[in-house]
Amino acid sequence: MLTSFNLTQLILISALYLFALFGVAWLSERGMIPRRIIYHPLTYTLSLGVYASAWAFYGTVGMAYQYGFGFLASYLGVSGAYLLAPVLLYPILRITRTYQLSSLADLFAFRFRSTWAGTLTTLFMLIGMLPLLALQMQAIADSISILTRETVHERVALSYCALIILFTILFGSRHVATREKHEGLVFAIAFESVVKLLALGGIGLYAFYQVFGGAQGLEDWLLSNQQVLSSLHTPLQEGPWRTLLLVFFAAAIVMPHMYHMAFTENLNPRALVSASWGLPLYLLLISLAVPLILWAGLKLGSNTPPDYFTLGVGISLNNPTLALLAYVGGLSASSGVIIVTTLALSGMALNHLVLPLYQPPAEGNIYRWLKWTRRALIIAIIAAGYGFYLLLGSEQDLANLGIVAFVATLQFLPGALSVLYWQTANRRGFIAGVLTGIGVWLVSMLLPLLGNIQGIYLPVLDIVYVLDDTSWHLAAIASLAANVLVFTLVSLFTETSPEEQSAAEACAVDNVRRPQRRELQASSPQEFAAQLAKPLGAKIAQREVEQALRDLHLPFDENRPYALRRLRDRLEANLSGLMGPNVAQDIVETFLPYKSDSEGYVTEDIHFIESRLEDYHSRLTGLAAELDALRRYHRQTLQELPMGVCSLAKDQEILMWNRAMEELTGIPAQRLVGSRLATIAEPWKGLLESFINLPDEHLHKQRLALDGQIRWLNLHKAAIDEPLAPGNTGLVLLVEDVTETQMLEDKLIHSERLASIGRLAAGVAHEIGNPITGIACLAQNLREEREGDEEIAEISAQIIQQTKRVSRIVQSLMSFAHAGGRQQSDEPVCLAEVTREAISLLSLNRQGVEVQFLNLCDPEHWVEGDPQRLAQVLINLLSNARDASPPGGIIRVRSEASEQTVDLIVEDEGSGIPKAIMDRLFEPFFTTKDPGKGTGLGLALVYSIVEEHYGQITIDSPADPEQQRGTRIRVTLPRYVDTTSAVTRDRRES
Ligand code: ADP
Ligand code: MG
């Protein structure tokens, strides 16, 4: 006969295995396993292998025996769900991550905005999962008694439970917040999946090669045992098969351990892509071994029930290694499920059973309280599973137990699908549906299981219902059908609350959430923290607010209404990860309320919609994608418009601030959009606010001093209907910068005025011309008449010279009037030479104060122009300088050259020119001097001559800012560039 193991040995092996599991988890928590491996999609895929519980490990062989190929349903169902990942699992993953929902109960409570939805889900999930937990314990106890051939169930199961509790507490409930993942747990569960695969695959291969002797042997055996094959086929057409498929399809989402591994402990969202084919592959490999083990068990005539053929093969072959392999595989399958299920259920119970009834006081450390309560719940749940196992008295087959559990969770499938695809569903429908489904399940499946009720008499159909292999699927379908029917009808015929509606939109696939734009009472993150300190305690409140700000990449001094609304949402999500969506919603609604809108003005948040649309961009297809492209195009047009655009909502929240606006104001849109107009910096605030309140639609040439510079702006506005809230008119403001046009205009007006005054002057000059000619003639006559008189000759010569100068001035005055009409003959002019001439001319006039002229011009500096007229420029500038200078003042004339131009600079140490008259200096007849002394024509002439020479004048006064005196006049003239150096020499010689 075969070896039997002794109990101590087995317990030792089990303990060793569990400690190995502890080791793996511990190593990865310590960071000794590279992150690359822990975050690898393969690890995630394998961790989903938790699906293969003891039921899959042992029970599927029994199922294959019972239902034939129907056992494949457990593999095909879940594979189907994973192959549908893009439409089924991604959306759920997205919702769970965004709103930090850690379980199906959280998801329902969030979607249906109802504490009851969460509580009922938790309650029924607990009841529904008890058979599955009991199954795992029974499987271990059974396999030990098969191996030891003693009945030792209870004690063994109890010590096994203790170890599992320890592991779950140590590695599964380390962090309280959903956002922090348990890497050790994920890695350990992945490790267990490998063990399961190796064990089952090993036994399968052993059966194939050793029991049957390869493919040929197997074929021969199957040929001679036709009835085995036909029993695999026959039941396929019947009801259980389809029901099984549905049940296992649902299991992928609704079973707490699957939900927990797939969504809550998902370390890397992209890994879901690999898992969508990786998990089906893994399960396929496992299923391949099942028929081999079944046939081997049948061939060997194993004396274990078909459920335990996996063990039986080793025992019948008298191969202890094989039997142990099967035992360890089964151990890892059941421990994985118990650990993950318990974790998931404890989270649900905490959020939906404990917290709604009792919330920890704010003074204590809430994090610690949450952690320890959760640990207590873990112990309680495993204890309940153990209790249920005792209650059943270990008399049930695994397959039955499993199916009862699976059908219970099936009741949540309609709810889960409605979260994604049916927005009309509401909480009343959901709760009514689940109650109905669970009711049917209780009566038709759980009670028969517990009470050994022989049969239920159904009066309408006039049959007696007995729960057995052939009838359970009727119960399953009946419960689901009743559930769906009630769910649909109640949802259709009852009202949905607005907040439930908005949660439904948030959950729906490819639907952008459109939150409402309302103002919060708290107006800064500090106020948020102060408010939250009431329920959470100051330290935790501060920590949560900071975390949320970090998540959103917002600065700590944020005060835009838009950003604060995002902060509130984020806080709700983070708190939901901590204490479940109900409590989070409660806290946020109580302590961070919106201002009550007296005007009833609530619109949707366009800015937020827009930023969400950006995220959705790549996912839009068809018409939606085209519309989105159109939207982008229009938006781009507005963004790039070379004119400032700013649009405002009715409550003056800034919705748009385009690039031109950013450049003009120097305020980036990033910081501004979403805040009130009143919060922007001056002078913009004053300008825009006063414009908004004006009745005019256009405002031209507004003067605005902007960092010391004057800007001229045209403002326009128009009312626009807010697209999502008709009846609410916002405003669009256009700001046009016309500073440059204004400056050009000013210049034009200035020269226009100069020209007109000049024409007047020319008229006067013309009149002066005649008397001057007269004077010149008289002087001529005088000289001729008094020939010989030296003195008279001298005086008359002077008079003639002066009259010549006067006529030259008159001439230039006339030419000044016809500016631009110069018939010039440009020649090279040496500045030093002209300056010397001008100085000597001025020295003749001894009327003014004694000053000293210094000619510092570089003789190498030549300009192009008319030497006569340039001398006039200098004479005027120098005489002005002399008039302004104190006695003995020094007047310097210098030249500076650049490549194209030469600057002639006249600098004095005189009074300087007051700012107030700076603009008028070039006007003809503008003078500050006493009548008779100044004509006010000097600078006007200089201006027109310099203009003729295509030059420029700039005036610096005071030239010496320290002493507040002196004037520097710089005349820029085009430089004469000699083509040959010989020319220069020629000129200098002559
Ligand atoms: P006028 O010399 O006949 O007054 P101008 O056109 O030459 O007329 O000059 C106009 C005015 O500009 C003067 O009256 C004087 O007030 C001012 N001005 C010109 N040059 C200087 C200078 N170098 N320093 C101080 N004031 C000056
Ligand atoms: Mg003058």
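Note that the coordinates shown come from a computational prediction; the quantities given were computed from them, not determined experimentally.

Undergrad: Is there a simple way to think about the nonpolar core in this case?
TA: The nonpolar side chains of a soluble globular protein tend to be buried with one another. Formed by 175 residues in total, the largest nonpolar core has its most connected members in Tyr-82, Phe-108, Phe-167, Phe-412 and Phe-430. Element by element, the count of residues in this core is highest for helix α8 (residues 115–148), at 18 residues. In this structure, Phe-430 is in contact with Phe-108, Phe-112, Ala-117, Thr-121, Phe-412, Gly-415 and Phe-487, ignoring residues within four places of it in sequence.

Undergrad: Got a minute to help me understand the site of ligand 1 in this structure?
TA: The environment of ligand 1 is made up of 18 residues, and the closest members are Asn-880, Thr-927, Thr-928, Lys-929 and Gly-936. A distance of 2.8 Å separates an oxygen atom of ligand 1 from a polar side-chain atom of Asn-880. A distance of 2.3 Å separates an oxygen atom of ligand 1 from a polar atom in the side chain of Thr-928. When the free accessible area of ligand 1 is taken as 530 Å², the share hidden by the protein chains comes to 93%. Those elements that place two or more of their residues in the shell around ligand 1 are α36 (867–884) and α37 (938–948). Considering each element in turn, the shell around ligand 1 owes the most residues, 3 residues, to α36.

Undergrad: Mind showing me how you'd approach the confidence of the model for the protein chain here?
TA: Note: predicted coordinates in regions of low pLDDT should not be interpreted at a detailed level. Residues at a pLDDT of 70 or more form 88% of the protein chain, whose mean pLDDT is 81. Note on residues 982–986: pLDDT under 50 across the span, and 3 contacts to partners over four residues away in sequence or across chains.

Undergrad: What am I meant to see in the pairing of strand β15 (residues 952–956) here?
TA: Along any regular strand, the residues point their side chains to alternate faces of the sheet. The two faces of β15 differ: Ile-953 and Ile-955 on one face are buried, but Gln-952, Thr-954 and Asp-956 on the other face are not. Bridge analysis of β15 against strand β16 (residues 967–974) gives 5 bridges, and the strand direction is antiparallel. Bridged to Ile-955 within β16 is Ile-969.

Undergrad: Please explain helix α35 (residues 831–844) as it appears in this structure.
TA: Think of an α-helix as turning once every 3.6 residues; residues three or four places apart then point the same way. Between the first and last C-alpha of α35 there are 20 Å, a value that for 14 residues agrees with the 20 Å anticipated at 1.5 Å per step. Those residues of α35 that are buried are in contact with β10 (827–830), β11 (852–855), β12 (862–865), α36, β13 (890–897) and β14 (901–908).

Undergrad: Any chance you could explain the sheet that holds strand β8 (residues 709–721) here in plain terms?
TA: Two modes of strand pairing occur in sheets, parallel and antiparallel, and in both the strands are linked by backbone hydrogen bonds. In space, the 5 strands of this open sheet follow the order β6-β5-β9-β8-β7, with antiparallel pairing throughout. The sheet is open, and its two borders are formed by β6 (654–657) and β7 (698–706), each paired with just one other strand. The sheet shows a mean angle of 25° between the axes of neighbouring strands, taken without regard to direction. Direction of pairing for β7 relative to β8: antiparallel, over a ladder of 7 bridges. For Leu-704, the partnering residue across the bridge sits in β8 and is Arg-711. With respect to the sheet, helix α32 (residues 684–693) is in contact with β5 (644–648), β6, β7, β8 and β9 (729–737), its orientation differing from that of β8 by roughly 45°.

Undergrad: What's the story with a negative patch on the surface in this structure? I'm lost.
TA: Negative charge collects at one region of the surface, where Asp-789, Glu-790, Glu-791 and Glu-794 lie side by side. Tracing the chain through its elements places Glu-794 in helix α34 (residues 790–817). Since its relative accessible area comes to 49%, Glu-794 is described here as partly exposed.

About the cut-offs
- Sequence order as written defines residue numbering, which begins from 1 separately in each chain.
- Labels follow written order: the first chain is A, the first ligand is 1, and so on.
- Only residues with pLDDT of at least 70 are given local features in this predicted model, and only at 80 or more are side-chain atom pairs given and counted; all residues enter the totals for whole chains, interfaces and linings.
- Note that the side-chain values use all heavy atoms of the structure and ignore hydrogens as well as water.
- Buried residues of nine kinds, namely Ala, Val, Leu, Ile, Met, Phe, Trp, Tyr and Cys, make up a nonpolar core once their side-chain atoms join them within 4.5 Å.
- Only protein chains enter the accessibility calculation, which uses a 1.4 Å probe; a residue whose area is less than 20% of its type maximum is buried, one above 50% is exposed, and one in between is partly exposed.
- Here a helix means four or more residues in a row that DSSP labels H or I, a strand means two or more in a row labelled E, and each is numbered from the N terminus.
- Whether two residues are in contact is decided by their heavy atoms, any of which lying within 4.5 Å being enough.
- Proximity is defined per residue: any heavy atom of the residue falling within 4 Å of a molecule or strand makes that residue near it.
- Polar contact is defined as a pair of N or O atoms within 3.5 Å, subject to the rule that within protein one atom must be able to donate a hydrogen and the other to accept it, and that residues adjacent in sequence are counted only when both atoms are side-chain atoms.
- Per-residue and other accessible areas follow the Shrake-Rupley method at a 1.4 Å probe size, with only the shown protein chains counted as cover for residues.
- How sure the predictor is of each residue is captured by pLDDT, a score from 0 to 100.
- By definition, two strands form a pair when at least two bridges between them are found by DSSP.
- In this analysis, the expected span of each helix is defined as 1.5 Å times one less than the number of residues it contains.
- Note on geometry: axes are C-alpha line fits, over the in-contact stretch for helices, and angles between N-to-C directions span 0 to 180 degrees.
- Think of a patch as exposed residues, more than 30% relative accessible area, with no salt bridge, where like charges cluster within 9 Å and nonpolar side chains (Val, Leu, Ile, Met, Phe, Trp, Tyr) cluster within 5 Å.
- The term salt bridge refers to a pairing of a side-chain nitrogen on Lys or Arg with a carboxyl oxygen on Asp or Glu at a separation within 4 Å.
- Residues scored as charged are limited to Lys and Arg (positive) and Asp and Glu (negative), so that His and the chain ends carry no count.
- Note on charges: their place is set at NZ of Lys, CZ of Arg, CG of Asp or CD of Glu.

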